[in-house]
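Structural overview
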Amino acid sequence: MSSIVHEIRQPLSAIAMDIDTSLRLLSQDSPDLKKLRFNMARMKDSARRANELVHRIKQMAVKRDPICTDVDINGVISDSIELMAIETVARSIRIHCSLDPATPFVRGDALQLQQVIINLLINAVQAIELAPSGHREIRVKSKQSFHGVRISIEDDGAGIPEPLLDKIFDAYFSTKRTGMGIGLSISRSIVEAHGGTINASNGRNGAIVDVDLPREPAPYAELLDEAGEARAAVLPMPSHSPEFARPEF
């Protein structure tokens, strides 16, 4: 229920904000039609996202096994960044992407892994928004590791206090005053269900989260029910709009 509340408030709040902005524009003698069209497009995306949430809540009532395939993790990262374009461009945050073409495929559920990347990108965006000043950039990297793939996401936020580094992946623990501690906990559940690990550290400018995934899951490891439920509870961001610039690769 906490996950549902956390997710449904976002599109509804966005719709309310865009309606207020549009009403102010319409009260002007010469309304800016370009901005109105932009707001209408955002409302449409938010409404679609809320509708998808309702659909996923319905799906949660039915037992569904994860779909395990060979996953191109570089493709998952690229798609996730594109889905986040509305959020990052609106906040003037630049995403620099460095993907190793030698990165091997991993075995798992592509949609669940996409939710992990999106959750981490959302946290990076929020960290930069809370930072008092400095660069506004997120650096996303992938590289081949000894056992499979390492994904690193680094932000220009304020970093994570050292005593909290071991706690941020715990359920309901959050460093943000209004945070519910859901996203990172879900991410850890999904990563561990894929036989991988997720760790946080502080870099030169902000926080770094490293996700290590094996080419094949550990022996007898299964995609846990918790991760399957998490995939149903965490929603993709609104679709990419041509009006937004694509991230730099």
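Remember, it's a predicted structure, so these values are computed and weren't measured experimentally.

1. What about the overall build of the protein chain?
The number of helices and strands found in the protein chain is 7 helices and 7 strands. Shown N-terminal to C-terminal, the secondary structure of the protein chain runs as helices and strands in the order α-α-β-α-α-β-β-α-β-β-α-β-β-α. The buried share among the 249 residues of the protein chain stands at 44%. For the protein chain, the exposed surface amounts to about 13600 Å²; the carbon and sulfur share of it is 54%.

2. Side note on the pairing of strand β6 (residues 197-202)
Examined bridge by bridge, β6 and strand β7 (residues 207-214) share 6 bridges and lie antiparallel to one another. Bridging across to β7, A200 finds its partner in V209. Linking β6 back to β7 in an antiparallel pair, the connection comprises 4 residues.

3. A look at the environment of I151
Tracing the chain through its elements places I151 in strand β5 (residues 148-155). Classification of I151 by relative accessible area gives buried; the value is 3%. Measuring from C-alpha to C-alpha, the distance between I151 and D212 comes to 6.4 Å, with 61 residues separating the pair along the chain.

4. Some thoughts on the pattern of salt bridges
For the structure shown, the criterion picks out 11 salt bridges. Close ionic contact of D45 with R48 constitutes a salt bridge, the shortest N to O distance being 2.8 Å. Placement of the pair is D45 and R48 together in helix α2 (residues 33-60), with a separation of 3 residues, close to one helical turn. According to the relative accessible area criterion, R48 is partly exposed, its value standing at 41%. Linking E137 and R139 is a salt bridge whose minimum nitrogen-to-oxygen distance equals 3.0 Å.

5. Quick notes on the packing of helix α3 (residues 73-83) against helix α5 (residues 110-130)
Remark: α3 packs on α5, axes separated minimally by 9 Å, with the N-to-C direction vectors making an angle of 50°. Taken together, the axis directions place α3 and α5 in an arrangement best described as oblique. Relative to α5, α3 is oriented so that their crossing is right-handed. Counting all contacts with α3, which are made through I73, V76, I77, D79, S80, I81 and L83, the residues of α5 involved are A110, L113, Q114, I117, I118 and L121. Along the lines of polarity and charge, the residues of the contact of α3 with α5 split into 10 nonpolar, 2 polar and 1 charged.

6. Looking at α5
Residue pairs three or four apart in sequence face the same way in an α-helix, which turns once every 3.6 residues. In this model α5 runs 30 Å from its N-terminal to its C-terminal C-alpha over 21 residues, within 8% of the 30 Å that 1.5 Å per residue would give. Capping the start of α5, D109 holds a side-chain oxygen 3.0 Å from the backbone nitrogen of L111, two or three residues further along.

7. Some words on the environment of R150
When you line up the elements, R150 lands in strand β5. Discounting chain neighbours no more than four positions away, the residues touching R150 are K141, S142, K143, S145, D210, V211 and D212. Polar side-chain contacts of R150 include one of 2.9 Å to the side chain of D212.

8. Side note on the confidence of the model for the protein chain
Per-residue confidence for the protein chain averages 77 on the pLDDT scale, and 73% of its residues sit at or above 70. In the predicted structure, residues 177-181 sits below a pLDDT of 50 and forms 10 contacts with residues beyond four places in sequence or in another chain. Contacts for the low-pLDDT stretch residues 224-249, under 50 throughout, to residues beyond four places or in other chains number 70 contacts.

9. Some remarks on the nonpolar core
If you look at the biggest cluster of nonpolar residues, it comprises 40 residues, and the most contacted ones within it are L120, L121, I138, V140, I151, I153 and L213. Those elements that provide at least two residues to this core are α3, β2 (94-99), α5, β4 (137-144), β5, α6 (183-193), β6 and β7. Broken down by element, the residue count for this core peaks at 10 residues, all from α5. If near-sequence neighbours (up to four positions away) are discounted, I138 is found in contact with I93, R94, I95, H96, L121, A124, V125, I128, I153 and E154.

Scoring rules and cut-offs
Residues numbered from 1 in each chain as written. Predicted model: local features only at pLDDT ≥ 70, side-chain atom pairs only at ≥ 80, totals over all residues. Heavy atoms only, no water. Helix = DSSP H or I, 4+ residues; strand = E, 2+ residues; numbered from the N terminus. Buried < 20%, exposed > 50% of the residue type's maximum accessible area, 1.4 Å probe, protein only. Areas by Shrake-Rupley, 256 points an atom, 1.4 Å probe, with all protein chains shown as cover. Pairing = 2+ DSSP bridges. Salt bridge = Lys/Arg side-chain N within 4 Å of Asp/Glu carboxyl O. Axes fitted to C-alpha atoms, helices over the stretch in contact; angles between N-to-C directions. Parallel < 35°, antiparallel > 145°, perpendicular 65-115°, else oblique. Left-handed = near helix turned anticlockwise from the far one by under 90°. Contact = heavy atoms within 4.5 Å. Nonpolar A, V, L, I, M, F, W, Y, C, P; charged D, E, K, R; others polar. Expected span 1.5 Å × (residues − 1). Polar contact = N/O pair within 3.5 Å; in protein donor to acceptor, adjacent residues only side chain to side chain. pLDDT = per-residue confidence, 0-100. Core = buried A, V, L, I, M, F, W, Y, C linked by side-chain atoms within 4.5 Å.

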